[in-house]
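Chains, contacts and geometry: an overview
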Amino acid sequence: MLRTLSYLNLIGTVCYFLAYLQNGNSIVITGLLGVIVYQWLSLRNQERGQSSWTVIQLIFAFLTLVFALYLGYGGFSLLLSLMEYQYYPLSSLTLVGYGLLLMFSLLFHLFFSWRANSVKKVE
């Protein structure tokens, strides 16, 4: 399941980047690169059969968590703004949809990854 979520998060990150490309900033680019590195580290650990997280993976997991929360905040704020002005362009709706979908996917992956890591430590 974690491998599938990792691949979906990589695809979602690229889709969000393409949707955001029109007016991106450095925070988003840094967050997207952090997510890509974290997903790559997760896939590499699964292929090698490692269960413990390294310090680098913890740093990128935290960066991924912050970026996921940033996506949720930005998507929710944009959605409220769209509803306030009753103006719904397709590009903004696409950005909100990809952002919220990617946020939930990243949070689920972080939760399941943390849970799998803590269960293996207890055993």
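As a starting point, this report considers the structure included with it. Within each chain, residue numbers correspond to sequence positions counted from 1 in written order. Local features in this predicted model are restricted to residues whose pLDDT is 70 or higher, and side-chain atom pairs enter the listing and the counts only when it is 80 or higher, whereas totals over whole chains, interfaces and linings include all residues. To get the side-chain values, take all heavy atoms of the structure and skip hydrogens and water.

It is worth spelling out the overall build of the chain at this point. Labels follow the DSSP assignment, with helices taken as runs of H or I lasting at least four residues and strands as runs of E lasting at least two, numbered in each case from the N terminus. Looking only at helices and strands, one finds 4 helices and 0 strands in the chain. The secondary structure elements of the chain, listed N-terminal to C-terminal, are α-α-α-α. For every residue, the accessible area obtained with a 1.4 Å probe (protein chains only) is divided by the maximum for its type, and the residue is called buried under 20%, exposed over 50%, and partly exposed between those limits. Every one of the 123 residues in the chain was classed for burial, and the buried ones make up 35%. Working rule for contacts: check all heavy atoms of both residues, and any pair within 4.5 Å makes them a contact. Pairs at least 24 residues apart make up 73% of the contacts formed inside the chain by residues separated by at least 6 positions.

A few words on helix α3 (residues 55-85). Given a helix with a known number of residues, its expected span is that number minus one, times 1.5 Å. Compared with the 45 Å implied by 1.5 Å per residue over 31 residues, the 45 Å span of α3 between its first and last C-alpha is a close match. Three or more residues of α3 are buried, namely Q57, A61, T64, F67, A68, L71, G72, G75 and L82.

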